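Coordinate analysis (summary)
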Amino acid sequence: MKAASATTHIISNRSIEIANLYHKQSLDLINLALTQNKLAIEASHKRASELSEIKDTSKVQSLVTQHMMSQVKDYLGFAVDAYRLGFDAHIEVTKLFQKQIEDGCFLTNEALKIHEISSNPISSIATTFMKTALDASHSVMENAKAATTKAVSSAKTLSSQSK
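Residues numbered from 1 in each chain as written. Predicted model: local features only at pLDDT ≥ 70, side-chain atom pairs only at ≥ 80, totals over all residues. Heavy atoms only, no water.

Next up on the list: the overall build of the protein chain. Secondary structure assignment for the protein chain yields 4 helices and 0 strands. Listed by position from the N terminus, the elements making up the protein chain come as α-α-α-α. Taken over 163 residues, the protein chain has a buried fraction of 19%. A sequence separation of at least 24 residues applies to 78% of the contacts in the protein chain between residues at least 6 apart. Of the roughly 11400 Å² of accessible surface on the protein chain, 64% is carried by carbon and sulfur atoms. (Helix = DSSP H or I, 4+ residues; strand = E, 2+ residues; numbered from the N terminus. Buried < 20%, exposed > 50% of the residue type's maximum accessible area, 1.4 Å probe, protein only. Contact = heavy atoms within 4.5 Å. Areas by Shrake-Rupley, 256 points an atom, 1.4 Å probe, with all protein chains shown as cover.)

Okay, here's the thing in structure tokens:
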């Protein structure tokens with residue numbers, strides 16, 4: 001039962017891991033927003049300088065169009081980076097939940113290995129139900145993990161195409 005008590009300790013630490021992950025994710029998102037804001041201010045200053053230097057008013061419309069396109073690309077890049085942060089955090093949380101489920105399965109198996117429980121016919125029926133439920137939840141987690149990985153690769157592809 002030493003392994004089971006160690007696993008129980010790990011499970012309680014995993015909730016702290018999830019909280020730390022979300023805290024780190026929040027800080028990364030704030031950092032991304034501040035960087036985007038800084039870049040937007042610098043780009044705005046540059047655009048204003050370029051507009052003030054124009055002598056021929058017929059060129060104003062094309063310059064404004066170029067500025068709008070660059071601004072749209074910048075904001076799309078920001079959105080893609082924010083989504084990437086979210087997808088990466090989602091993958092990490094999914095991995096932590098996967099570990100949580102595996103540890104829960106381990107603890108359940110350890111509890112069911114106790115001789116007094118395994119000889120009871122009602123425990124055998126409960127074990128069958130429990131194993132079926134655990135297998136189903138494991139399948140759902142695998143599907144979620146695959147979908148998340150696919151979504152992140154799509155976001156990375158979209159990000160590389162926009163740059």
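So much for the structure itself; the text now carries on.
For the rest of this paragraph, the subject is the confidence of the model for the protein chain. On average, residues of the protein chain score 80 in pLDDT, and 85% of them reach the 70 mark or higher. Highest mean pLDDT in the protein chain belongs to helix α2 (residues 60-112) (85); lowest belongs to helix α3 (residues 115-118) (58). (pLDDT = per-residue confidence, 0-100.)

Turning our eyes to something else, we now look at a nonpolar patch on the surface. A cluster of nonpolar side chains, namely L51, V60, V64 and M68, defines an oily patch on the protein surface of about 290 Å² accessible area. A total of 3 residues in the nonpolar patch trace back to one element, the largest contributor, which is α2. Among the structural elements, V60 can be located in helix α2. For V60, a relative accessible area of 31% gives the class partly exposed. (Patch = residues over 30% accessible without salt bridge, like charges linked within 9 Å, V, L, I, M, F, W, Y side chains within 5 Å. Salt bridge = Lys/Arg side-chain N within 4 Å of Asp/Glu carboxyl O.)

Along the polypeptide, A40 turns up in helix α1 (residues 2-53). For the pair formed by A40 and Q71, sequence separation is 31 residues and the distance between their alpha carbons is 8.0 Å. Ignoring sequence-local partners within four residues, the contact set of A40 consists of R47 and Y75.

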